[in-house]
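Summary of the model geometry
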Amino acid sequence: MIQSLVDGILTGAIISLGAIGLTLVMHMLRFANFAYAELLAIGAYAALVFDVLFSGLVPVLDTAFAPLTLSGALALATIIAMVITGASAVAIDWLVFRRIRAKADALSMVFASFGVALIVRNVLVLIFGHSAQLYSNDIAFAIVVSRDPLLLIKPDQVFVLGAALALMTGFHLILTRTTFGFALRAVAENPALAQVSGVRLSTMITAVWMIGGGLSAAAGVFYALTNQITPVLGHNFLLPVFAATIVGGIGSVHGAVLGGFIVGIASGLALMVLPSGYAPAMPFVIILAVLLVRPNGLFGRDES
Amino acid sequence: MIGLISYLAFFATMAGILAIVVLGLNLQWGYTGLFNGGVVAFFGAGAYGTMILGGRPEPGQFGGFEWPFLFALAGGVLLAGAIAWIVGILTLRLRHDYLAIATFGVAVAFESIARNAEWLTGGAKGLRGFPRPLEAAIGNTFVYGLCFLAMVMAVLAAVYWALQRLVQSPYGRALRAIREDEVAARSLGKNPTRLRLQSFVIGSMIMGVAGGLYVAFYAFVSPQDLAPILTFQVWAMLIVGGAGNNRGAVLGAFLIWGAWTGSGFALSKFAPAAMQLYTGPIQYILIGTVIVVMLLWRPQGLLPERITQRFTKTASKVGTTSKGAF
Amino acid sequence: MTALLTIAALEAGYVRDLPILRQVNLSVMRASLTVIIGPNGAGKSTLIKAIAGLVPVSAGTVTLDGADITGIRPDQMGALGLAYVPQTDNIFRHLTIRENLALVLRRVPDRTTRLDELYALFPPLAAKQADRAGSLSGGQRQMLAVAMALSGRPRVMLMDEPSAGLSPKIAAEVLDLTRSLTAQGVTVLLVEQNVKQALRVADHCYILAEGRNQLDGPAAAILSDPMVAEIYLGGKRVGAA
Ligand SMILES: Nc1ncnc2c1ncn2[C@@H]1O[C@H](COP(=O)(O)OP(=O)(O)OP(=O)(O)O)[C@@H](O)[C@H]1O
Ligand SMILES: [Mg+2]
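The notes below deal with the structure included here. (Residues numbered from 1 in each chain as written. Chains lettered and ligands numbered in written order. Predicted model: local features only at pLDDT ≥ 70, side-chain atom pairs only at ≥ 80, totals over all residues. Heavy atoms only, no water.)

Quick notes on the pattern of salt bridges
Residues and elements named next belong to chain C. This is how the line gets drawn: By definition, a salt bridge exists where a carboxyl oxygen of Asp or Glu is found within 4 Å of a side-chain nitrogen of Lys or Arg. A helix here means a DSSP run of H or I that spans at least four residues, while a strand means a run of E at least two residues long, and both kinds are numbered starting from the N terminus. Here the term buried applies to any residue with accessible area under 20% of the maximum for its type, exposed to any over 50%, and partly exposed to those in between, with areas from a 1.4 Å probe on protein chains only.
The full count for this structure, using the stated rule, is 16 salt bridges over all chains. Its salt-bridge partner being R30, residue D65 comes within 2.9 Å of it at the nearest N-O pair. With D65 in the loop between β4 (57–64) and β5 (67–68) and R30 in the loop between β2 (21–29) and β3 (33–37), this pair connects stretches of sequence that are 35 residues apart. With a relative accessible area of 37%, D65 lands in the partly exposed category. Residue classification places R30 among the partly exposed positions, given a relative accessible area of 36%. The salt bridge partner of R155 is D65, with a shortest N-O separation of 2.9 Å. Here R155, found in the loop between α6 (138–150) and β7 (156–160), pairs with D65, found in the loop between β4 and β5; they are 90 residues apart in sequence, far enough to count as distant.

Notes on the interface of chain B and chain A
Condition: It only takes one pair of heavy atoms within 4.5 Å for two residues to be counted as in contact. Values labelled buried area give the accessible surface lost by two parts on being combined, using a 1.4 Å probe and summing over both. When residues are sorted by character, Ala, Val, Leu, Ile, Met, Phe, Trp, Tyr, Cys and Pro go into the nonpolar class, Asp, Glu, Lys and Arg into the charged class, and all the rest, Gly among them, into the polar class.
At the interface, 50 residues of chain B touch 55 residues of chain A. Overall, the association of chain B and chain A removes approximately 4,700 Å² of surface from exposure, summing both partners, and the carbon and sulfur fraction of that is 78%. Counting every contact that joins chain B to chain A gives zero salt bridges. Only α3 (69–91), α4 (96–116), α11 (229–241), α13 (279–297) and α14 (311–320) of chain B provide two or more residues apiece to the side of chain B that touches chain A. For the side of chain B that touches chain A, the residue count by class is 32 nonpolar, twelve polar and six charged.

Thoughts on the site of ligand 1
Residue and element names in this part refer to chain C. Cut-off, in case you're wondering: In these notes, residues near a molecule or strand are those with any non-hydrogen atom within 4 Å of it. Counted as a polar contact is a pair of N or O atoms within 3.5 Å, where, for protein atoms, one must be capable of donating a hydrogen and the other of accepting one, and residues adjacent in sequence contribute only when both atoms are in side chains.
Lining the immediate surroundings of ligand 1 are 13 residues, of which G41, K44, S45, T46 and Q193 lie closest. In this structure, an oxygen atom belonging to ligand 1 sits 2.9 Å away from a main-chain N or O atom of G41. Residues belonging to the shell around ligand 1 are distributed by class as follows: four nonpolar, seven polar and two charged.

Concerning the coordination of the magnesium ion (ligand 2)
Residue and element names in this part refer to chain C. Basically, it comes down to this: Note that water is not among the atoms considered, so a metal site may appear incomplete; the donors listed are N, O and S atoms within 2.8 Å of the metal, with 3.2 Å applied to Na, K and Ca.
Protein-derived coordination of the magnesium ion (ligand 2) comes from S45 (OG) and Q87 (OE1), at a distance range of 1.9 to 2.2 Å. Residue S45 is found in helix α1 (residues 44–52), and its partner Q87 is found in the loop between β6 (82–85) and α3 (97–105); the two are separated by 42 residues along the sequence. Its relative accessible area of 16% is what places S45 among the buried residues. Residue Q87 is classed as partly exposed on the basis of its relative accessible area of 29%.

Written out as structure tokens, the structure reads:
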């Protein structure tokens, strides 16, 4: 019970990070972006590449910060991966979504996003192969927090939870303390008024892709650090991050954060009664429940 | 010679089954503007439903009721329709992309059940031993293959004919009116949510029909047959052919299925051995590229919709550039 | 007096090949208050939005102080000295009053002093600066919207029915405030349904119907025009006076 709860919180933090950008993108560009979760995979692999590169170039960076398996090289690589993933998100928008936006409707964008997801995922397979990879081959020993009930936690997990919360807090401060944050919220609420208030829409769209890409990359690395990297990493998070945005209400950043934890914890707890094979379907059940009870989500605004 | 003809019959049977799926999707997406992200689930519901009701009994396995084929097929189709109805009721009155997300979720959930509920679906190994209709009566496998092809083509023609009638009727015009301008359609006294729900359910039932035929064809179904790529293939077929045009839908099905099998054959024959593991990903990238490139380059498809040219759709775009909230 | 803002043969609309405005001409004198009246759906808001760059212009020109500003990007308005108070949804409800003002002031060099000036002009806003703008009363919302528009010290204010939905007393205050802007050198183009009141404060008046110019003239003349009185001032819709 406690173990499932703790694991659920950890997964929830990762889902939350992924959902923040998605909820903004879905709200501002008004389409469900099925390619979004691939950003987690792009981030995880980009960090892998730079981790190997940095450890090779500067061997001293390769030592892990005990008791974590995280090394200095990986920490640096993660930051670079966040930038690269943000830039990839912007590039994909320029190459595909912006062009389709200019001449077709939102449903064509949804359509195109599926195509983009398929391409990204399989290009990753071609480059990195099907098999799972790890940042570090060190064995991450779990700490026995309690024996009855049994509760095992790995130091990496504690770090990931802390880092995820720190990133979310940072973004919260940007939203509530800076005029850039006001502009983001303004565009989310009323794009036309934001424009006449001097906010340039295209700049904000680029900013949202950068932020979403950066946070997703962090989420991907955090997941890979506590589990492993595979080309389907992003795809496996697709339904959970969508569920988190729907639970929270499309357009609500705080809703997405809360939604991520709800989805993570509910999925974790559900696995106590259900076989693990059903885990991928849990977010769907949550989506159905929310649509039944509160279609606009916990913090959602009526969109019609 | 017989080998070639059997192969062609096999190819055409599969393409015909997929064309039926594409026609179902065309009703939803092409004529009503509904996004179905889980085509494979409705196809799968038809397949598993038909198999469970019409299959042979197996020890420790639910189902195997050996219903006559048509009844089993009807059951599978109803199952597909029921799932569509539930999803539709919950999502169709919301923002359009909720349907996309929910249907995608249905596909994921369906695959989970297919893989894990062994008592019902046989789990990863699937269900086998479907009594193919009239197989015993015909006997000869070669002749049976041709007869089966004829049956699939007959069903395809019937679905095509019925859909043509439907979309050219006032009902079909109402669907298009909703697709183009929901507010205007409502002001004309149409109930958009109900019409959308009907269109979604009918389209999904057509996909269920195709699933039932698929099971009868292979006499076997497993989660492997329900890989998510099927949804993408069907979309590529529709968008290449031309959404909103039933002839285009059928054309797209044959073209893309030909390209798919052709590229698979070419890769397995000519790609270096080390690359063999990657033929799947390469084909997936091709399908993804077809979808994206068509949307960018020729979103109306090879055979565009003729009636309205989607005038209002591009036109309403102008109004949304500044997202006038005032 | 010279025209600061000129609109010549303007055609604009939301849907391609379906213009709402047809050959609209209009000129607004420097530091004057010009009011546009007309029935619902006449295209008054569309005209203002076309000037602001929110509605695509298919033909004609918008000139500001001799410079062609047709089809500007809406976010460039402020830099040109234009400000716009939309008819509805003219504040960010989910932002606090201070955040609303900080947003529009972020490009203003002396933003701290300007904020104090705006608070001095609208004391109720100062008192509620930490509240969400959505919690303001109707009159206070219009105040905030006007304050936001004034933040960059615009040369030209475009105001779309600022008195709509307000009690007669508050509506009169808003119109007086609008009038007082011209005394400070601001040029105002105002859309109003409160025809009688608006004509009392305005210098010049344009009547728009079905997207076309119908009539224009000095406000006093329009006010006393028997035909206008019949159509626009006699009906029950204007019984506000
Ligand atoms: N976003 C829009 N998309 C399409 N048509 C619109 C849009 N907004 C307004 N219209 C149409 O443009 C025409 C003019 O509308 P506009 O809002 O300019 O009128 P108005 O004179 O401001 O009326 P009111 O006094 O009611 O504010 C109307 O026929 C209206 O239906
Ligand atoms: Mg108006």
